[in-house]
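Chains, contacts and geometry: an overview
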Amino acid sequence: MRLSVIGSLLSGLLLLPSANSVGESFETEIVSESAQGGQSVKLESPLPSSESKLGEIKSLIQAAIKESPQPFSGSVILLERGKPLLELQKGEGINQDSRFVMASLSKQITATLILQAVDAGKLDLTQTLNYYLFGDAAGDNALKGAVAGTKSSANALNPSRYDERITLHQLLTHTSGVDKLGKANRFEPGSQFEYSNFGYSLLGQVLVKVNHQSFAEQVAQFATRYQLNGLSAELGSIAAIHAKVPSLAVGLQESEVIAPSDLVLDEALLPAGGLIASAPTYAAFQDLLHAGKLMSAESYQRMTTAHTEIQFLWPNMHYGYGVRINQDDDLVEYSHTGYLTGYMSMTLHYPEFNLDLVMLENLSLNLNDRARVFELHNQIRQIIRSQLLLAKAANV
């Protein structure tokens with residue numbers, strides 16, 4: 001698999017926080033947790049006083065987008081128990097069927113494919129990366145614990161292996177510290193959090209090895225199996241993909257002017273941030289995921305368990321597997337965001353209310369003002385949280 005995209009992304013395409021991070025989003029990426037693992041609770045009916053709050057959420061989101069001082073082009077869908085409460089599209093040529101590069105929302109698909117392989121007995125999350133990529137027994141022909149900045153690292157490097165201690169669990173949780181092949185690890189695996197798109201690219205390589213299919217083929221098979229017809233993995237420039245998939249919204253990048261993005265999707269980017277979907281399709285995926293229909297209950301609990309605390313745009317966040325988790329005020333929230341040149345994204349899920357929001361955009365705002373870039377995302381999240389907390393308080 002060609003990993004040339006990683007260098008170009010690091011040079012500014014995705015503007016990630018470290019030289020190790022490849023692909024997703026600007027999130028100087030910051031992530032999430034779930035202290036309450038297990039399957040989502042599917043309510044048979046809304047909480048008694050929540051219906052009016054859901055109506056207010058819908059109206060407030062519409063107003064926030066309409067009145068936003070920032071340009072917006074994209075598709076937003078709000079669902080309760082899988083049924084649309086709000087479907088909003090704005091921007092030239094944007095409609096319900098429009099597809100978008102999902103940026104880091106792609107990580108939830110990759111994590112799901114990994115956990116399905118675990119359920120099938122093909123993967124062990126405690127096994128090493130080298131074992132799956134190179135067939136190494138633990139400790140054989142591997143990097144002997146070299147860490148960047150240590151005096152002994154120069155003598156410990158093996159140019160054909162990653163650090164022998166890196167496990168799939170650490171890659172899923174961004175705690176591996178992995179660097180390029182043959183380079184010293186960025187830190188002791190498992191000792192801290194550092195968002196790594198490269199780590200998710202490696203998870204894609206693991207899936208190729210154990211399933212004997214390209215990552216794109218696995219995504220296509222997954223989409224067919226679960227009738228996610230608006231989901232796909234495509235390779236090439238946005239212009240070339242648009243010619244093949246006319247429903248793909250051409251990404252626009254705001255700098256001095258708003259111009260078409262020069263984003264190119266290659267195999268390395270797909271698992272970390274390069275998958276394509278429409279908002280209704282991603283919402284359908286999210287509904288299946290949190291209804292427990294994509295993996296075992298044990299795997300879902302692993303995915304939604306807080307494995308590491310992170311620094312993020314939002315306070316008190318933790319990371320599971322491809323999902324951020326927040327439990328402030330006893331309101332459980334699973335989320336992720338994404339940023340690529342030409343595309344932005346956000347997904348929110350509130351299991352107590354079976355409420356989901358998916359927001360896909362084909363206009364990425366100028367990162368010179370990061371607060372401005374995420375202002376609308378923050379506003380919409382706060383609208384939802386405040387109304388749900390009011391509904392909870394009314395039912396105490």
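Use the structure listed above.
Residues numbered from 1 in each chain as written. Predicted model: local features only at pLDDT ≥ 70, side-chain atom pairs only at ≥ 80, totals over all residues. Heavy atoms only, no water.

**A look at the packing of aromatic side chains**
- In the structure shown here, the tally under the stated rule is eight aromatic pairs.
- Taken together, a centroid distance of 6.2 Å and an interplanar angle of 45 degrees make the contact between Phe193 and Tyr319 tilted. Residue Phe193 is located in the loop between helix H6 (168-172) and helix H7 (197-211), and its partner Tyr319 is located in strand S10 (residues 317-319); the two are separated by 126 residues in the primary sequence. For the residue pair Phe193 and Tyr319, the accessibility class agrees, reading buried in each case.
- Ring geometry for Phe222 versus Phe285: centroids 6.2 Å apart, planes at 65 degrees, classification edge-to-face. A residue pair is termed long-range when its members are at least 10 positions apart, and Phe222 in helix H8 (residues 215-225) and Phe285 in helix H11 (residues 279-290) qualify at 63 residues. Each of the two residues, Phe222 as well as Phe285, counts as buried.
- Clustering of aromatic rings is evident, with ring pairs tying together Phe222, Tyr226, Tyr282 and Phe285.
- Across from the ring centre of Trp314, 4.4 Å away, lies the NZ or CZ of Arg381, which sits over that ring. (Phe/Tyr/Trp six-rings, centres within 6.5 Å; stacked < 30°, edge-to-face > 60°. Helix = DSSP H or I, 4+ residues; strand = E, 2+ residues; numbered from the N terminus. Buried < 20%, exposed > 50% of the residue type's maximum accessible area, 1.4 Å probe, protein only. Lys NZ or Arg CZ within 6 Å of the ring centre and 35° of its normal.)

**Remarks on the environment of Leu348**
- One can find Leu348 in strand S13 (residues 343-350).
- Residues Leu348 and Ala283, 65 residues apart in the sequence, show an inter-C-alpha distance of 9.9 Å.
- Not counting chain neighbours up to four residues away, the residues in contact with Leu348 comprise Gln286, Trp314, Glu333, Tyr334, Ser335, Leu355, Asp356, Leu357, Arg381 and Ile384. (Contact = heavy atoms within 4.5 Å.)

**Some remarks on the sheet that holds strand S6 (residues 258-260)**
- Strand order in this open sheet of three strands is S6-S5-S15, and the pairing throughout is mixed. The sheet is open, and its two borders are formed by S6 and strand S15 (363-364), each paired with just one other strand.
- Examined bridge by bridge, strand S5 (residues 252-254) and S15 share two bridges and lie parallel to one another. Bridging across to S15, Leu252 finds its partner in Leu363. (Pairing = 2+ DSSP bridges.)

**Points about the packing of helix H3 (residues 106-119) against H8**
- Orientation of H3 relative to H8, taken along the N-to-C sense of each, is 85 degrees, at an axis distance of 11 Å. Taken together, the axis directions place H3 and H8 in an arrangement best described as roughly perpendicular. The residues of H8 that touch H3, namely those facing Ile109, Thr110, Thr112, Leu113 and Gln116, are Phe215, Val219, Phe222 and Arg225.
- Its residues assigned to classes, the contact of H3 with H8 comprises five nonpolar, three polar and one charged. (Axes fitted to C-alpha atoms, helices over the stretch in contact; angles between N-to-C directions. Parallel < 35°, antiparallel > 145°, perpendicular 65-115°, else oblique. Nonpolar A, V, L, I, M, F, W, Y, C, P; charged D, E, K, R; others polar.)

**Points about the sheet that holds strand S2 (residues 83-90)**
- Taken in spatial order, the eight strands of this open sheet run S2-S1-S14-S13-S12-S11-S10-S9, and their pairing is antiparallel. Edge positions in the open sheet fall to S2 and strand S9 (308-310), since each of these has one partner strand only. In this sheet, adjacent strand axes meet at a mean angle of 20 degrees when their direction is disregarded.
- With seven bridges connecting them, strand S12 (residues 333-340) and S13 associate as antiparallel partners. By the bridge assignment, His336 is partnered in S13 with Thr347.

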